[in-house]
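# An overview of the molecular structure
Residue strings, one per chain:
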Amino acid sequence: MSRQDSCAGRKVLITGSSSGIGRATAELLLKRGAVVIGIARDHSKFTPVFDHYDPVPLDLSNLNESSSTLDVLARRHPDLDAVISNAGSGHFGQIEQFSARQIRDDIALNLTSHLLVARSFLPVMKRRGHGDLIIMGSEAALRGTRKGSVYCAAKFGLRGAAQALADECGHRNVRVTLVNPGFVRTSFFNNLNIEPQDTPGSALAAEDVAVRLVEILDTPLDTILGEINIAPPSPALKHKERTSS
């Protein structure tokens, strides 16, 4: 079987599938013949022409709603081959600039929702005796940086969770891989006052990260890929220019 055909017929669930890395990965998998279940708050941003795309509207930061919906999806798709837990967002500033609710909501989406995804779908793949869980981390899981206390806390926690889950699932032929990208040129920066510079090599393209994720799925399960760090060669950010009204 060629690499082009290796995804044909496989069923993959992707969270955050309507934009950025999630969208690029969904597009690549669909082109290669996979069945994709896409979870996102707003699917109007991504309406692929493929019949084998199943959009599920869901706000993963709403933990009560998402917990029950994820469990329903797990029962509906007992033939799931892989899960790419990708949804997330970033807010940055001094810790005193965050309200208690903002801290709670950021941790809910960037950490707790990934744990709920794992709780719902790892049993499905364990029962099948094979599967991949790819968790989207960040370079923020590797080193704390100023104004990133809340985001780093979530990503550091996610890194520990991924390591524990990998140890827990390895003997069941279910592989857990954490992917830590550096700056990626996506809508992640839309609501921030910073963005990647326009210079070559300052940020990754979402499509290039998607290729790496699909390569993980192409790799035999007897190869452990515990943690993968991906970074641009010359990472650089800039402050956005203010436009006068």
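Whatever comes next refers back to the structure up there.
Despite not being glycine, K147 has its phi angle at roughly 65 degrees, a positive value. Checked against the element boundaries, K147 lands in the loop between β5 (131-136) and α4 (149-169). By relative accessible area, which is 45% here, K147 ends up partly exposed. For N173, which is not glycine, the phi torsion reads 65 degrees and is therefore positive. Within the secondary structure layout, N173 lies in the loop between α4 and β6 (174-181).

A few words on the layout of surface pockets. Think of a ball as big as a water molecule: rolled over the atoms, this probe shows where empty space is left. There is about 150 Å³ of room inside the second largest pocket. Every residue along the wall of the second largest pocket is listed here: H91, F92, G93, Q97, F98, Q102, D105 and D106. Class assignment of the residues belonging to the lining of the second largest pocket gives a composition of two nonpolar, four polar and two charged.

The strand order β3-β2-β1-β4-β5-β6-β8 describes an open sheet built from seven strands, whose pairing is parallel. Unpaired on one side and paired on the other, β3 (53-57) and β8 (227-230) mark the two borders of the sheet. The sheet shows a mean angle of 15 degrees between the axes of neighbouring strands, direction not considered. Where strand β4 (residues 82-85) and β5 come together, four bridges link them in parallel fashion. Note that in β5 the partner of S85 across the bridge is I135. Most of the contacts of helix α1 (residues 20-31) go to strand β1 (residues 11-15), to which it runs at about 165 degrees, and overall it touches β1, β2 (35-40), β3, β4, β5 and β6. Taken strand by strand, helix α5 (residues 206-218) contacts β1, β4, β5, β6 and β8, and its axis lies near 155 degrees from that of β5.

Quick look at the nonpolar core now. A general feature of soluble globular proteins is that nonpolar side chains tend to end up buried together. F121 and L133 are the most contacted members of the largest nonpolar core, which has 31 residues in total. Within the residue set of this core, elements represented by two or more residues are β2, α2 (63-76), α3 (100-128), β5, α4 and β6. Take this core: its biggest share by element is nine residues, from α3. Setting aside anything within four residues of it in sequence, one finds L133 in contact with V83, S85, A118, L122, M125, L165, R175, V176 and T177. One finds I14, A26, F46 and A82 within the second-largest nonpolar core, a separate group that totals 28 residues.

Helix length check: α5 (13 residues) gives 19 Å between terminal C-alpha atoms against 18 Å at 1.5 Å per residue, within 8%. Among the residues of α5, A206, V209, A210, L213, V214, I216 and L217 are the ones counted as buried. In an axial view of α5, the angular spread of the buried residues amounts to 145 degrees, which keeps them on one side of the axis. Contacts from the buried residues of α5 go to β1, α1, β4, β5, β6 and β8.

Per the counting criterion, the structure on display carries 11 salt bridges. Here D79 ties to K11 by a salt bridge, and the two come within 3.0 Å at their closest N and O atoms. Residue D79 is found in the loop between α2 and β4, and its partner K11 is found in strand β1; the two are separated by 68 residues along the sequence. Taking the relative accessible area as the measure of exposure, D79 reaches 35% and is therefore partly exposed. For R128, the salt bridge is made with D81, and the minimal N-O distance between the two is 2.9 Å. Within this pair, whereas R128 is found in helix α3, its partner D81 is found in the loop between α2 and β4, the two being separated by 47 residues in sequence. Assessed through its relative accessible area of 33%, R128 is described here as partly exposed. Among the residues examined, D81 registers a relative accessible area of 12% and is labelled buried.

Each value, and the rule that gives it
Residues numbered from 1 in each chain as written. Predicted model: local features only at pLDDT ≥ 70, side-chain atom pairs only at ≥ 80, totals over all residues. Heavy atoms only, no water. Helix = DSSP H or I, 4+ residues; strand = E, 2+ residues; numbered from the N terminus. Buried < 20%, exposed > 50% of the residue type's maximum accessible area, 1.4 Å probe, protein only. 1 Å grid on protein atoms, 1.4 Å probe; cavity = no way out; pocket = protein on both sides within 12 Å on 5 of 7 lines; lining within 4 Å. Points joined across faces, edges and corners; volume = space filled by probe spheres on them. Nonpolar A, V, L, I, M, F, W, Y, C, P; charged D, E, K, R; others polar. Pairing = 2+ DSSP bridges. Axes fitted to C-alpha atoms, helices over the stretch in contact; angles between N-to-C directions. Contact = heavy atoms within 4.5 Å. Core = buried A, V, L, I, M, F, W, Y, C linked by side-chain atoms within 4.5 Å. Expected span 1.5 Å × (residues − 1). Arc of directions from axis to C-beta. Salt bridge = Lys/Arg side-chain N within 4 Å of Asp/Glu carboxyl O.

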